[in-house]
Amino acid sequence: MRDEASVEELARRAAAGDTEALDRLLAEVRPEVVRRCGRFLPCREDAEEAAQDVLLQVARRVGTFEGRSRFGTWLYTVVANCCRQKYRELKRRAAEQPAPIEREHAVDPRTTSVIAGSRVDLLEALERLEREHPQLVAPLVYRDICQLDYAEAAERAGVPLGTFKSRLHEARRQVRPWLTGF
C-alpha cells in the first residue's frame, strides 16, 4: 500500500459509509491483498480467487472496522481467514472429485516449486494446529505469516504481550516437526 495514511483515511471514510472511498480503498489495497494471498496459496489462480474473496469481505464488512487498530492489521486478518477458507474448500473439492490428470497437464516434479510445496505444508500444519491447539493459530498467523510486530499482533489476538509470545513459541514448537518431517 503506497500511502498508509491515505489508506487509513479511506478506510475510516468507507467504514462510515462513503461508497466512493470504499471503491478507492479496494483499488488501493488490491495489489497488497493479492501478494498476501500468494503467501498462503501456492497456485496463483487460487491466490487471485482468494484475493477476490478478501475484497468482497472488505466491501461487505468495512463497517465493522472501528479504527482501534491499523486498517492493515484488520485487512491481514481478513486475508488470513479467507486464504485458510479457500484452502479448506480446495482440499474438500479435491477429496470429493479427484480430477484425472491428462498427460499434457501433468506436473513435472523436477520443475515444481519447493516454495509452493512448503506453502501447502504450512497450510496443512495450520489446519492441524487449529484442530489440536486452536488458541495457537492466531499468534502464528499474525506474527510469522502476516509479519505484524509483536505488540500489534498481540493486540489483534486480544491477549497480553507475554501471553502472545508464549503462545507463539508453543505454536512454533508444535508446527516445526510437521514442517521438517521429524
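See the structure printed just above.
Residue numbering note: each chain is counted from 1, following its sequence as written. Residues qualify for local features only when their pLDDT is at least 70, as the model is predicted, and side-chain atom pairs are given and counted only at 80 or more; totals for whole chains, interfaces and linings, by contrast, use all residues. By convention in this description, side-chain values take in all heavy atoms of the structure and omit both hydrogens and water.

Can you lay out the overall build of the chain for me, pointing to particular residues and giving the numbers?
Numbered from the N terminus, helices here are DSSP runs of H or I no shorter than four residues, and strands are runs of E no shorter than two. Scanning the chain from N- to C-terminus turns up eight helices and zero strands. Burial statistics for the chain: of 182 residues in total, 37% are counted as buried. Residues are treated as being in contact if the distance between any of their heavy atoms lies within 4.5 Å. Relative to all contacts within the chain whose residues are 6 or more apart in sequence, the contacts with residues 24 or more apart total 66%. For accessible areas, the Shrake-Rupley method is used with a probe of radius 1.4 Å. Any residue's cover is judged against the shown protein chains and nothing else. Only carbon and sulfur atoms are counted for the fraction: they give 51% of the accessible area of the chain, which is about 10800 Å². Only protein chains enter the accessibility calculation, which uses a 1.4 Å probe. A residue is then buried if its area is under 20% of the maximum for its type, exposed if over 50%, and partly exposed in between.

Explain the pattern of salt bridges to me, using residue names and the numbers behind them.
The term salt bridge refers to a side-chain nitrogen of Lys or Arg lying within 4 Å of a carboxyl oxygen of Asp or Glu. The full count for this structure, using the stated rule, is 16 salt bridges. Between Lys 86 and Glu 89 there is a salt bridge, with the nearest N and O atoms lying 3.3 Å from each other. Of this pair, Lys 86 and Glu 89 both sit in helix α4 (residues 71-96), three residues apart, which is roughly one turn of the helix. Its relative accessible area of 3% is what places Lys 86 among the buried residues. The residue Glu 170 makes a salt bridge to Arg 173 at a minimum N-O spacing of 2.7 Å. Of this pair, Glu 170 and Arg 173 both sit in helix α8 (residues 161-180), three residues apart, which is roughly one turn of the helix. Accessibility expressed as a relative area gives 23% for Glu 170, which makes it partly exposed.

Run through the nonpolar core, naming residues and quoting values.
Counting 51 residues, the largest nonpolar core has Leu 25, Val 33, Cys 37, Phe 40, Val 54 and Phe 71 as its most contacted members. When residues of this core are traced back to their parent elements, those giving at least two are α1 (4-15), α2 (19-40), α3 (44-61), α4, α5 (114-132), α6 (137-145), α7 (150-157) and α8. If one sorts the elements of this core by residue count, α4 sits on top with 10 residues. If we ignore the near neighbours within four places in the chain, the residues touching Phe 71 are Val 7, Glu 8, Ala 11, Leu 25, Val 29, Val 58 and Phe 65. Among the buried residues, those of types Ala, Val, Leu, Ile, Met, Phe, Trp, Tyr and Cys that are joined through side-chain atoms within 4.5 Å form a nonpolar core.

Would you mind going over the packing of aromatic side chains in detail, with residue names and values included?
Classification of ring pairs rests on two measures: the distance between centres of Phe, Tyr or Trp rings, Trp counted by its six-membered ring, which must be within 6.5 Å, and the angle between planes, read as stacked under 30 degrees, edge-to-face over 60 and tilted in between. Overall, the coordinates contain four aromatic pairs when judged by the stated rule. Measuring from centroid to centroid gives 6.5 Å for Tyr 150 and Phe 164, while their planes differ by 80°, and the two rings are edge-to-face. Here the residue Tyr 150 occupies a position in helix α7, and Phe 164 occupies one in helix α8, the gap between them amounting to 14 residues. Members of the aromatic cluster, connected to one another through ring pairs, are Phe 65, Phe 71 and Trp 74. Criterion for a charge above a ring: Lys NZ or Arg CZ within 6 Å of the ring centre, and within 35 degrees of the ring normal. In this structure, Arg 36 packs its charged tip against the face of Tyr 76, placed 4.0 Å from the ring centre. The side chain of Arg 143 reaches across the aromatic face of Tyr 150, ending 4.1 Å from its centre.

Just give me the short version of the packing of α7 against α8, but keep the residues and values in it.
Axis definition: a line fitted to C-alpha atoms, over the contacting stretch in the case of helices. Angles run 0 to 180 degrees between N-to-C directions. Packing of α7 against α8 leaves a shortest axis separation of 9 Å and a crossing angle of 95°. Our classification of the angle between α7 and α8 gives roughly perpendicular. Side by side, α7 and α8 meet where Tyr 150, Ala 151, Ala 153, Ala 154 and Ala 157 of the first sit next to Leu 161, Phe 164, Lys 165, Leu 168 and Arg 172 of the second. Under the convention adopted here, Pro, Cys and the residues Ala, Val, Leu, Ile, Met, Phe, Trp and Tyr are nonpolar, Asp, Glu, Lys and Arg are charged, and Gly plus all remaining residues are polar. Looking at the contact of α7 with α8, its residues break down into eight nonpolar, no polar and two charged. Comment on the angle field: the value is read as roughly parallel under 35 degrees, roughly antiparallel over 145, roughly perpendicular from 65 to 115, and oblique elsewhere.

Which residues make up the side chain of Glu 127, and what values go with them?
In this fold, Glu 127 is placed in helix α5. By relative accessible area, which is 16% here, Glu 127 ends up buried. If we ignore the near neighbours within four places in the chain, the residues touching Glu 127 are Tyr 87, Arg 88 and Lys 91.

Pulling in residues and values, what's your account of the side chain of Gln 174?
Note that Gln 174 resides in helix α8. Judged by its relative accessible area of 15%, Gln 174 falls in the buried class. Gln 174 has contacts with Leu 129, His 133 and Leu 136, leaving out every residue within four places of it along the chain.

So far we have only geometry, and geometry alone does not tell us how the molecule works.
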